[in-house]
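Geometric and topological summary
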Amino acid sequence: MLFQRFRLLVGMIVAAVALWLIATGLSDAYESYSGGAAASGIVLGGIMRAVFGLLILGAYVWALWAESRVKTVMENIFSIPELLKKLAFTLGLLCIYRVGFHVPLAGLDQSAMQIWGEDKGNVFSQALAQASMLTGGSFQRSSLFGLGIMPYISASIIFQLLVTVVPALEKLRKEGPAGQKKIQEYTRYATVALCIIQATFWMMTMRGNRLLYPNYLDSKLIFMMGVVSLTGGTIFLMWLGEQIDEYGIGNGISLIIMAGIVVRLPTAVAKLYTMSDASLTGGGGGQVGLLQIAFVVLSFVFVVAGSILITQGQRRIPVQQAKQVRGRRMTAGGRHFVPLRINHGGVMPIIFASSLMIFPNMMFSWMGRSWHNAFTRTMSEAFQMTSYTYTVCYVGMIFFFAFFWTTVQFRPKEMADQLRDHGSFIPGLRPGRRTAEYLEKVMGRITYCGAAFLAVIAVIPMVIATLANIPYDVSSFLGGTGLLILVSVALDLVQRIEANLVMRNYDGFLGGSTRIKGAYG
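Figured I'd write up the structure that's included with this text.

1. Looking at the nonpolar core
Residues Tyr 97, Ile 149, Tyr 394, Ile 398 and Ile 470 are the most contacted members of the largest nonpolar core, which totals 62 residues. Among the elements that make up this core, the one with the highest residue count is helix H18 (residues 433–467) (eight residues). Among the nonpolar cores identified, the runner-up in size contains 16 residues, and Trp 202, Met 206, Leu 211 and Leu 217 belong to it.

Laid out in structure tokens, this is it:
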């Protein structure tokens, strides 16, 4: 049976990792204790590593060997060849993405690039690191997929905004699938243009910072190869996302971004582990104590729970179907609901706010180097990532973009007209203008709640970095925007897999109900 082979293969890998963790952990603990270094915390670190190995082994046995819900779902997935092929195809394309991620650009000095990327005083480098976390790319590595998928996302957002203001594009949107296909074609062309512009500026930046080998600093051929490689890498990622949409499972673009974030999580956890100390509050030299680690773990759980809540949360508006005459019978109208998402904008408000908040710090830092005075120094400190001014402006921009994105995407007048055309109405409200005003009022209220929750989740990494004395590049992966994207994409993937299971009369992830609460309107 295919599931049995899969279970044995995973078991060999998990057993090897768990045994290595247990053996090395106990060995380090014994050697440190024998050498009298128990007070240094190395013994506790070795024991924690061994316990972590045991937890991994126990989780594997519970998930794939014990009579658990996870085992039942996995058996159901492996019993559907079509679903299994889709999952394998999706995983294979994501592996191709990760291979291309490590292909460097021609002429790039990787050692100089690494030093430049790790320079904490380089505001531009740190801004690019924050942007890379949300794009699935890596400017600091400058690989073939260094630009990530962000040019395509930017082009899609531009056309989503243009559809609402350009009559020709709005007419195309109303034509249905044919019009959407034409808009998608325009989006691809815009993606190529954005890639060329961004790749040109990035190659100029690398040349200006002397990140290329000295022999290639003035080479026009290397410059053009870099622009073409970065542009081609993003176009290839766009093609991968479309192939996943058509032949795989899940949203291809979202899965690529998710993969780019997931691979950074082990690095963040490993860095937190190396900074850990056996004391409660942590020692000197940037060491992190047990209380700080507990605070990070609780924040992680809070953000995951909050992300699920805000992603699945809905306000259901009751709608009554009017009575209809069919033949000689009059049938009573049915009663159903119109679901309005609490977080209608998804992660877009945070992405917009994060992108725009990069520029003030960069601008004032550049002004401080050119015109060094009290004003530029004060403004540069005020817009540091963990400062009070930066946080207030960040929250304000999240609220602004949450309402802006909802205004662009949500059209209460069209929804009211559709309800009226289908013979439906909201009880107590007249169809037409009154219904549209009510929907707009309700959407404004729930958007305020959704924006507030987004602001809390976005600020958590800054709070962790300040109160727990943990580097921001660690706290940003254990909470905040990156984790919100992971949870949102993972929920969408789980819902699609469950839909395939339920369609074939298999139990879903939650057993008896066969439906994830809030996943279906």
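Structure shown, so let's carry the discussion forward.
2. What to know about the packing of helix H13 (residues 290–312) against H18
Packing of H13 against H18 leaves a shortest axis separation of 11 Å and a crossing angle of 160°. Of the possible angle classes, the one that applies to H13 and H18 is roughly antiparallel. Crossing handedness for the pair H13 and H18: left-handed. Where H13 abuts H18, its residues Phe 295, Val 296, Ser 299, Phe 302, Val 303, Gly 306, Ser 307, Leu 309 and Ile 310 lie against Gly 450, Phe 453, Leu 454, Val 456, Ile 457, Ile 460 and Ile 464. When its residues are assigned to classes, the contact of H13 with H18 shows 12 nonpolar, four polar and no charged.

3. As for the pairing of strand S1 (residues 314–321)
Taken together, the seven bridges between S1 and strand S4 (residues 335–341) define a ladder with antiparallel strand orientation. Opposite Arg 315, over in S4, you have Leu 340 as the bridge partner. The pairing of S1 with strand S5 (residues 424–425) spans two bridges and is classified as antiparallel. Residue Gln 320 lies in a different strand from S5, and its bridge partner there is Phe 425.

4. Overview of the side chain of Thr 391
Structurally, Thr 391 is set in helix H16 (residues 388–409). Excluding anything up to four places from it in sequence, Thr 391 contacts Val 459 and Met 462.

5. Brief notes about the packing of aromatic side chains
In the structure shown here, the tally under the stated rule is 13 aromatic pairs. When the ring of Phe 159 is compared with that of Tyr 186, the centres are 6.5 Å apart and the planes differ by 25°; the resulting orientation is stacked. Placement of Phe 159 in helix H7 (residues 150–163) and of Tyr 186 in helix H9 (residues 177–208) is noted, with a sequence separation of 27 residues between them. A relative accessible area of 13% places Phe 159 in the buried class. Accessibility expressed as a relative area gives 31% for Tyr 186, which makes it partly exposed. A centroid spacing of 5.9 Å and a plane angle of 35° characterise the contact between Tyr 390 and Tyr 394, whose relative ring orientation is tilted. Separated by four residues within a single helix, Tyr 390 and Tyr 394 lie in helix H16, roughly one turn from each other. An aromatic cluster of three or more residues is present, and its members are Tyr 97, Phe 101, Phe 145, Phe 236 and Trp 239. In this structure, Arg 7 packs its charged tip against the face of Trp 65, placed 3.7 Å from the ring centre. It is Arg 98 that lies over the ring of Phe 101; its NZ or CZ is 4.1 Å from the centre.

6. Focus: the sheet that holds S5
Strand order in this open sheet of three strands is S4-S1-S5, and the pairing throughout is antiparallel. For this open sheet the edge positions go to S4 and S5, each flanked by a neighbour on one side alone.

7. Some thoughts on H9
Compared with the 46 Å implied by 1.5 Å per residue over 32 residues, the 46 Å span of H9 between its first and last C-alpha is a close match. Taken residue by residue, H9 has Gly 179, Ile 183, Thr 187, Thr 191, Cys 195, Ala 199, Trp 202, Met 203, Thr 205 and Met 206 as its buried positions. Phi turns positive one or two residues past the end of H9, at Arg 210, with a value near 55°.

Cut-offs applied
- Residues numbered from 1 in each chain as written.
- Predicted model: local features only at pLDDT ≥ 70, side-chain atom pairs only at ≥ 80, totals over all residues.
- Heavy atoms only, no water.
- Core = buried A, V, L, I, M, F, W, Y, C linked by side-chain atoms within 4.5 Å.
- Buried < 20%, exposed > 50% of the residue type's maximum accessible area, 1.4 Å probe, protein only.
- Helix = DSSP H or I, 4+ residues; strand = E, 2+ residues; numbered from the N terminus.
- Axes fitted to C-alpha atoms, helices over the stretch in contact; angles between N-to-C directions.
- Parallel < 35°, antiparallel > 145°, perpendicular 65-115°, else oblique.
- Left-handed = near helix turned anticlockwise from the far one by under 90°.
- Contact = heavy atoms within 4.5 Å.
- Nonpolar A, V, L, I, M, F, W, Y, C, P; charged D, E, K, R; others polar.
- Pairing = 2+ DSSP bridges.
- Phe/Tyr/Trp six-rings, centres within 6.5 Å; stacked < 30°, edge-to-face > 60°.
- Lys NZ or Arg CZ within 6 Å of the ring centre and 35° of its normal.
- Expected span 1.5 Å × (residues − 1).

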